[in-house]
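Chains, contacts and geometry: an overview
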Amino acid sequence: MNSLDDFARGKLAGLEARDLRRWLKPTARLDALHLERDGRRLMTFSCNDYLNLSQHPRVRAAAKAAIDAHGAGAGASRLVTGDHPLLSELERRLAAFKGAEAACVFGSGYLANTGIVPTLAGRDDLVLMDELVHSCIRAGARLSGARAMTFRHNDMAHARDLLAAHRGAHRHCLIATDGVFSMDGDLAPLDELTALAREFDGWLLVDDAHGLGVVNEGHGSTRGFDTPLQMGTLSKSIGGYGGYVCASAPVIDLIKTRAASFIYTTGLPPACAGAAIAALDIIESEPELVARPLAKARLFTRLMGLPEATSAIVPIVVGAPGRAMELSRALEAEGFLVGAIRPPTVPEGTARLRVTFTAAHPDTEIVRLAAAIRAGLRALAA
Ligand SMILES: *Cc1c(COP(=O)(O)O)cnc(C)c1O
């Protein structure tokens, strides 16, 4: 035994005692809806592949064609020799789709936010965030060295109070929110946030990882708003991997010349860029497909007697981590995979099932899932 292993074992035992240890479970994806785990075939209601594009024949073919034409990897940082033409094409497509002047593609959504925030904010600045923003925005805020503050979830009066009290003491102010909140599925009030940002000269960053391809005909939650920083990922409805931000040309030029998570990391592999372009083609040409995840989530909220879904994500909050795990296990016995989400991913006391809907989910299975969740909740209460 040494002190490092002692430390790790002690930490793990403490987490396990609170039902907070996390386990990897080998899971093979069989098709758009099914996974294999422990030799069992399960229907997933946990993937963020809202349009099932990770499995789409045209997206797969585009990834393969990019590998055959250009190889498996980018070979270097984009600023060295990794600036593949497919990446610039993807950036033009993203900017056009989001109604922005320019775009920058990153290795992932996580890398995007940890690069964007420190590029735009520093020691003399304020970063004001919704308390439920994704972990990578918080990480970006910490890296930036700016004064970081959070407002209560979607509470515009609180955001206004904090801006009124603290904006004046700081040079610049970045205001960050998720467009669609990843663990709750609700939307940020972008009309009010846009107005607040304008009033206090704040720069609004909207992380729309779960909005792209799902809300506003797939254009995402920022459509119709003048959002200077539209960030998102290629790993959810786009079905592949990578992150992006759309903004004005000077802002994108600055990010490409200063963001550490852009400069000091290898460019996205050609296959990811090729697949993302093919996925955007589908999103832009198949509105009927894009409408489906939200319609499926709304069928579920109707069946459950919940408020109407506003995105493809519906939480079933049960409180204690052990209860969420038990409910998830009960659903697995019925052939459904619905992940239990526990602190610190969500606030203490709000462990939940996070149910996500995709275009391909049959209505009959959504009916069966709702019945199984109701039965599971009754069993928990008994
Ligand atoms: C998933 C997610 C990210 C991270 O994106 P990756 O491409 O998976 O790294 C960032 N923000 C939000 C809100 C997310 O849900």
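Computed from a predicted structure; not experimentally measured.

1. So, the environment of Pro 343
Locating Pro 343 in the fold gives a position in the loop between β13 (340–341) and β14 (351–356). Taking C-alpha positions, Pro 343 is 9.4 Å from Ala 320, a pair spaced 23 residues apart along the chain. Leaving out residues up to four positions away in the same chain, Pro 343 has contacts with Leu 20, Arg 22, Pro 321, Glu 348, Gly 349 and Ala 351.

2. Comments concerning the sheet that holds strand β11 (residues 313–319)
Reading across from one edge, β11-β14-β13 is the order of the three strands in this open sheet, with antiparallel pairing throughout. A single partner strand is all that each edge strand has here, and the edge strands are β11 and β13. The sheet contacts of helix α14 (residues 321–333) involve β11, β13 and β14, and relative to β14 the element is tilted by about 35°.

3. What to know about the environment of Arg 167
Among the secondary structure elements, Arg 167 is positioned in the loop between α7 (156–166) and β7 (173–178). The exposure class of Arg 167 is buried, given its relative accessible area of 10%. The spacing of Arg 167 and Arg 9 is 158 residues in sequence and 44 Å in space, taken between C-alpha atoms. Non-local contacts of Arg 167, meaning those with residues more than four positions away in its chain, are made with Leu 126, Leu 162, His 172, Cys 173, Phe 200 and Asp 201.

4. Quick notes on the pattern of salt bridges
Under the definition given, this model contains 19 salt bridges. The partner of Glu 288 in a salt bridge is Arg 292, with the nearest N and O atoms 2.9 Å apart. The class of Glu 288 is exposed, set by a relative accessible area of 54%. Among the salt bridges present, the one from Arg 368 reaches Glu 365, with a minimum N-O distance of 3.4 Å. Taken together, the positions of Arg 368 and Glu 365, both in helix α15 (residues 363–381) and three residues apart, correspond to about one turn of that helix. For Arg 368, a relative accessible area of 40% puts it in the partly exposed group. One connected set of salt bridges, linked through shared partners, spans Arg 78, Asp 83, Glu 91 and Lys 256.

Rules behind the numbers
Residues numbered from 1 in each chain as written. Predicted model: local features only at pLDDT ≥ 70, side-chain atom pairs only at ≥ 80, totals over all residues. Heavy atoms only, no water. Helix = DSSP H or I, 4+ residues; strand = E, 2+ residues; numbered from the N terminus. Contact = heavy atoms within 4.5 Å. Pairing = 2+ DSSP bridges. Axes fitted to C-alpha atoms, helices over the stretch in contact; angles between N-to-C directions. Buried < 20%, exposed > 50% of the residue type's maximum accessible area, 1.4 Å probe, protein only. Salt bridge = Lys/Arg side-chain N within 4 Å of Asp/Glu carboxyl O.

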